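Reading the structure
In case you want the letters, here they are:
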Amino acid sequence: MTPFPQAAGPIGVFDSGYGGLTILHGIRQLLPHHDFIYLGDNARAPYGPRSFEVVYEFTRQAVRHLFAEGCHLVILGCNTASAKALRSIQQNDLPQWDAHRRVLGIIRPTAEIVGGLTRSRHVGILATEGTIRSHSYAMEIAKLHPDIKVTGVACPFWVPLVEYNEADSPGADYFVKKYLDQLLHADSAIDTIILGCTHYPILLPKILKYTPAGVRIVPQGEYVASSLLDYLQRHPEMASRCTQGGHVRYLTTENAEKFKESAQIFLHEPIEVEHIEF
């Protein structure tokens, strides 16, 4: 096996598509001086309907690529990858690849903070089919807050609405209201709803429009960013391996121009994009 570069390098952020850009944005707000590489496996998105085995293998390939690019720390900015691949990579692969490198997910940071947000102790999850079926949020929340009841609903049309730039359309109103109603009908005591997919913050204006007063909506970006900052403060040896030049590289397995065009839905700055293959 070719050894990975040992010099300090950027922090890697991986997603199956574009949604992880909302996670990257939240992290950059808090860590503006750090360097990042964002990798979107857009050619094989979406991951949501895929099996555990396939998501694990695809995520593994992406993490290895980011390590080879010089990253010592990789954030899986994708709920499906966090749900289906994170633990296997941490337990099976990192000890063989490089025991000093780390891969972190975005489900646990959200599960950690939700206990301080809900008063009724009834929490809802809106996410992709794969994340809901994995029960990852329910399991993580149960470990940390066993008194909280978790109810999840899959929203299969929300990601396409965002990626086809239809987030402001009347169709978005219909599907946003449909799944919110479904969730709150399943448990009317819910007072906190986690957006368990990184695309969903783009739909936030519509989500807030159809959310009853007194119900809190929790996007992940700011909480993942706070958790990462805390992690780097608690692990100075890892912080020293993360360079700080304020640079971001964007990589995609899809057409670079297509990525650049679609990324404008999530970003508010011009970017350069590189095409890669595993």
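What counts as what
- Residues numbered from 1 in each chain as written.
- Predicted model: local features only at pLDDT ≥ 70, side-chain atom pairs only at ≥ 80, totals over all residues.
- Heavy atoms only, no water.
- Axes fitted to C-alpha atoms, helices over the stretch in contact; angles between N-to-C directions.
- Helix = DSSP H or I, 4+ residues; strand = E, 2+ residues; numbered from the N terminus.
- Parallel < 35°, antiparallel > 145°, perpendicular 65-115°, else oblique.
- Left-handed = near helix turned anticlockwise from the far one by under 90°.
- Contact = heavy atoms within 4.5 Å.
- Nonpolar A, V, L, I, M, F, W, Y, C, P; charged D, E, K, R; others polar.
- Buried < 20%, exposed > 50% of the residue type's maximum accessible area, 1.4 Å probe, protein only.
- Pairing = 2+ DSSP bridges.
- Right-handed = clockwise from strand over helix to strand, strands pointing away.
- Core = buried A, V, L, I, M, F, W, Y, C linked by side-chain atoms within 4.5 Å.
- Expected span 1.5 Å × (residues − 1).
- Phe/Tyr/Trp six-rings, centres within 6.5 Å; stacked < 30°, edge-to-face > 60°.

Think of two packed helices as two axes; the pair is described by the angle between the axes and how far apart they sit. Contact geometry of helix H2 (residues 52–68) with helix H4 (residues 86–97) gives a least axis separation of 12 Å together with a crossing angle of 40°. The angle between the axes of H2 and H4 places the two elements in the oblique class. The way H2 lies across H4 gives a crossing that is right-handed. Each of Tyr56, Thr59, Arg60, Val63, Arg64 and Phe67 in H2 lies in contact with H4, whose residues at this interface are Ser88, Ile89, Asn92, Asp93, Leu94 and Trp97. Here the contact of H2 with H4 is built from residues that sort into 6 nonpolar, 3 polar and 3 charged.

The subject of this paragraph is the side chain of Asp173. Residue position: Asp173 is located in helix H9 (residues 170–186). What makes Asp173 buried here is its relative accessible area of 12%. Excluding its chain neighbours within four sequence positions, the residues that come into contact with Asp173 are Lys206, Lys209 and Tyr210.

Another aspect to go through is the environment of Pro5. By the secondary structure assignment, Pro5 is in the segment before strand S1 (11–15). The exposure class assigned to Pro5 is partly exposed, which follows from its relative accessible area of 35%. Ignoring sequence-local partners within four residues, the contact set of Pro5 consists of Phe67, Ala68, Gly70, His72 and Arg101.

Moving on, we come to the pairing of S1. In terms of burial, S1 is a largely internal element, 5 of the 5 residues being buried. One ladder, built from 5 bridges, connects S1 with strand S2 (residues 36–40); its direction is parallel. What sits directly across from Ile11, in S2, is Phe36. At this point the chain moves from S1, through helix H1 (residues 20–30), to the parallel S2, and the crossover so formed is right-handed.

Time to look at the sheet that holds strand S7 (residues 192–195). Across the sheet, which stays open at both edges, the 4 strands sit in the order S6-S5-S7-S8 with parallel pairing between neighbours. For this open sheet the edge positions go to strand S6 (149–154) and strand S8 (216–218), each flanked by a neighbour on one side alone. The average undirected angle you get between the axes of adjacent strands in this sheet is 25°. Summarising the sheet, strand S5 (residues 122–127) and S6 pair through 6 bridges and their orientation is parallel. Opposite Val123, over in S6, you have Val150 as the bridge partner. Contacts from H9 reach S5, S6 and S7 within the one sheet, and its direction differs from that of S6 by about 150°.

Pairing is parallel in the open sheet, where 6 strands are placed in the order S4-S3-S1-S2-S9-S10. Every other strand in the sheet has two partners, leaving strand S4 (102–104) and strand S10 (273–275) as the edge strands with one partner each. Strand-to-strand twist in this sheet, taken as the mean axis angle between neighbours without regard to direction, amounts to 25°. Bridge count between strand S3 (residues 73–76) and S4: 3 bridges; the pairing is parallel. Note that in S4 the partner of Ile75 across the bridge is Leu104. Running over the sheet, helix H13 (residues 256–263) touches S2, strand S9 (248–252) and S10 and is turned about 145° from S10.

Before going further, it helps to spend a moment on the nonpolar core. Ranked by size, the top nonpolar core spans 52 residues in total, and within it Leu21, Leu126 and Trp158 carry the most contacts. Ranked by residue count, the leading element in this core is H9, at 7 residues. Look past the residues within four positions of Leu21 in its chain and what remains in contact with it is Tyr38, Tyr250, Phe259, Ala263, Phe266 and Leu267. In terms of nonpolar packing, the next biggest core, distinct from the first, is built from 25 residues, Tyr47, Val63, Ala81 and Ala85 among them.

Okay, H2 next. A turn of α-helix holds 3.6 residues, and therefore any two residues three or four places apart point the same way. With 17 residues, H2 ought to run about 24 Å at 1.5 Å a step, and its terminal C-alpha atoms sit 24 Å apart, in line with that. Just beyond H2, the residue with positive phi is Gly70, at close to 110°.

What follows is about the packing of aromatic side chains. Following the criterion strictly, the structure yields 12 aromatic pairs and no others. Taken together, a centroid distance of 5.0 Å and an interplanar angle of 85° make the contact between Tyr174 and Phe175 edge-to-face. One aromatic cluster is present, built from ring pairs that chain together Tyr18, Tyr38, Tyr250, Phe259 and Phe266.

Here Thr131 lies in helix H6 (residues 129–134). Taking relative accessible area as the criterion, Thr131 reaches 2% and is therefore assigned buried. Every residue in contact with Thr131, bar those within four places of it in the chain, is listed here: Asn79, Thr80, Ser136, Tyr137 and Gly196.

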